[in-house]
Amino acid sequence: MVSELQCATFISTGILDMLDPQILRADLQQTAEKLAQRGYQLDVEAWEQLEQSRKSIQVETEALQNKRTTISKSIGQAKAQGQDIQPLLDEVAQIGEQLEQSKSKLKEILAEQEQVTLYTPNLAHDSVPVGKDEDDNVEVRTWGTPKQFEFQVKDHVELGEVNRGLDAESAANLSGSRFTLLTGEVAQMHRALAQFMLDTHIQKHGYTEYYVPYLVNAQTMQGSGQLPKFADDAFITEDDRYLIPTAEVPLTNLVADSIIDAKDLPIKLTAHTPCFRREAGSYGKDTKGMIRQHQFDKVEMVQIVHPEQSFDALEEMTAHAEAILQALELPYRAIVLCTGDMGFSATKTYDLEVWLPAQDTYREISSVSNCTDFQARRMQARYRSAEMKKPQLVHTLNGSGLAVGRTLIAVMENYQNADGSITVPQALQPYMGGKTVISQV
RNA sequence: GGAGAGAUGGCAGAGCGGUUGAAUGCACCGGUCUUGAAAACCGGCAUACGUUAAUAGCGUAUCUAGGGUUCGAAUCCCUAUCUCUCCGCCA
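We now turn to the structure provided with this report.

Rules and cut-offs
- Residues numbered from 1 in each chain as written.
- Chains lettered and ligands numbered in written order.
- Predicted model: local features only at pLDDT ≥ 70, side-chain atom pairs only at ≥ 80, totals over all residues.
- Heavy atoms only, no water.
- Phe/Tyr/Trp six-rings, centres within 6.5 Å; stacked < 30°, edge-to-face > 60°.
- Helix = DSSP H or I, 4+ residues; strand = E, 2+ residues; numbered from the N terminus.
- Lys NZ or Arg CZ within 6 Å of the ring centre and 35° of its normal.
- Salt bridge = Lys/Arg side-chain N within 4 Å of Asp/Glu carboxyl O.
- Buried < 20%, exposed > 50% of the residue type's maximum accessible area, 1.4 Å probe, protein only.
- Core = buried A, V, L, I, M, F, W, Y, C linked by side-chain atoms within 4.5 Å.
- Contact = heavy atoms within 4.5 Å.
- Pairing = 2+ DSSP bridges.
- Axes fitted to C-alpha atoms, helices over the stretch in contact; angles between N-to-C directions.

### So, the packing of aromatic side chains
For step 1, the next point in the chain: Counted according to the given criterion, the structure contains seven aromatic pairs.
For step 2, the next point in the chain: With 5.5 Å between their ring centres and 85 degrees between their planes, F344 and F374 make a pair best called edge-to-face. Note that F344 is positioned in the loop between β8 (332-336) and β9 (348-356) and F374 in helix α12 (residues 374-379), a separation of 30 residues in sequence.
For step 3, the next point in the chain: Here the aromatic residues F230, F344 and F374 are joined through ring pairs into a cluster of three or more.
For step 4, the next point in the chain: Positioned above the aromatic ring of Y207 is the side chain of K268, whose terminal nitrogen or guanidinium carbon lies 5.2 Å from the ring centre.

### Quick word on the pattern of salt bridges
Two side chains carrying opposite charge are able to pair once their charged atoms lie near each other.
For step 1, the next point in the chain: Applying the stated criterion across every chain yields a total of 15 salt bridges.
For step 2, the next point in the chain: For E139, the salt bridge identified is with R333, shortest N-O distance 3.0 Å. Placement of E139 in strand β1 (residues 138-143) and of R333 in strand β8 is noted, with a sequence separation of 194 residues between them.
For step 3, the next point in the chain: For E139, a relative accessible area of 43% translates into the label partly exposed.
For step 4, the next point in the chain: With relative accessibility at 23%, the residue R333 sits in the partly exposed group.
For step 5, the next point in the chain: A single salt-bridge network, built from bridges that share partners, covers E279, D286, R292 and R363.

### Some details on the nonpolar core
For step 1, the next point in the chain: With 47 residues, the main nonpolar core has M189, L193, L325, L330 and L428 as its most contacted residues.
For step 2, the next point in the chain: Residue assignment for this core shows that the elements contributing at least two residues are α8 (184-203), β7 (295-305), α11 (310-327), β8, β9, β10 (361-370), β13 (395-403) and α13 (404-414).
For step 3, the next point in the chain: Take this core: its biggest share by element is eight residues, from α8.
For step 4, the next point in the chain: Apart from residues no more than four positions distant in its own chain, L428 is found in contact with M189, A192, L193, F196 and L328.
For step 5, the next point in the chain: With 16 residues, the next largest nonpolar core counts V212, M379, A381 and Y383 among its residues.

### Here's the deal with the sheet that holds β8
For step 1, the next point in the chain: On the basis of which strands lie adjacent, the open sheet formed by eight strands has the order β1-β8-β9-β10-β13-β7-β6-β2 and mixed pairing. The sheet is open, and its two edges are formed by β1 and β2 (208-210), each paired on a single side. Going across the sheet, the axis of each strand differs from the next one's by a mean of 25 degrees, ignoring polarity.
For step 2, the next point in the chain: Note that β7 and β13 share seven bridges and pair antiparallel. Looking across to β13, one finds that V302 is bridged to N398.
For step 3, the next point in the chain: Against the sheet, α11 touches β1, β6 (267-276), β7, β8, β9, β10 and β13, its axis set at about 10 degrees to β13.

This is the structure in structure tokens:
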């Protein structure tokens, strides 16, 4: 649980952030409708009232401020010329109290508005199917054909036991439920997968590798949209740091509070990190095996791009994630998430789902999102070119390339043999000392 | 963990209670000169919000952040964060 007190420490920038205040102002009704598609109810009337009082009070405050500054300056001048300043002091004294009142009122309203914008999700792109939940997601394409097995397939838990590589009991004893302990060749394959993914993104897809902190502060979590709304999903330390739920958090925030030269775009970053999630609200889901864990490894891709490029970049990044599955020859399908199933910061998301023979279904293994300027606004990440008068917000994207644990599961299940041994995919063999099969049978 | 020093514009670096959004240099942009380039010289060059048709004017805020003192704060006080130096500890 995150206490009220901790929530109160969330960083106020003093600016109206998050959802573009200009958009909220320009076409409030339409914005509210778009938000409703995502299951978010914006109180239009309350917002309009807030806006009205903000306007009048801000104008009033600034006028008072101006008056005081002007008088104060003339006090300085009068003093320098040796004139009597008492009349001026009397005059300014009256403004003081009025100004204080006006100021604190304005502060209150701004804080209220910030609360609204901080909790408001990104707007969905027009190409995103409108829908309520995952049932309304739309399949975009499939790749590969699920293999027909001549024998009764085992799931990854059984395969892990057979090969003495997956020990749920020890993990539970050490840490509790939703943790995994890998040993021997299975642990080796897990490591090999991460290396293979990282090398592919660096060598073939043009990403720069990063090693990042696994603990970040509240400001950073807020920048990429995890806070304040999803505080309960994250692990927090006693000194108010958060275990990263994904490398997206530190990678994306690398450009926070900066103005990037347009010719340095796009910026393409990747990192292999553990990810920590409370999995609050997922009780009873995927309790068996290592599908849903408090700790899992992931290779993450992040791109910081020119606003006009972000939808092309979304396709490109999705292809980068698909390239890993293709190299491993794992059948999968790509789906586009509907408005109701998308994450908070995303305007459009593709999920990749890998075929799991034991479940006889596709399961999520990667999620690639275009966040447009939503995170950039929270982080104040902008770019500038010579022709531009003002810096503009960049667009940010992130995607898993891929979730390592789930990829391990997919390899184990798709590459299993009748005796319970597991063939090592060809692409992975160089990363496993040339080993072609895992077998403790 | 202990002791000390510091945080100013894209960068470097002045200012240390009044007319300072902030000297100066570098970088960058425009121009003069030049066959061209360099050099030299001239000019320009922060961000956000408000008002507005306006990326025009005008107003407000911003010298790490948050409080305070004051008619007035980059300048004084308090707190937090971060950086550096030394000691301790440690992979």
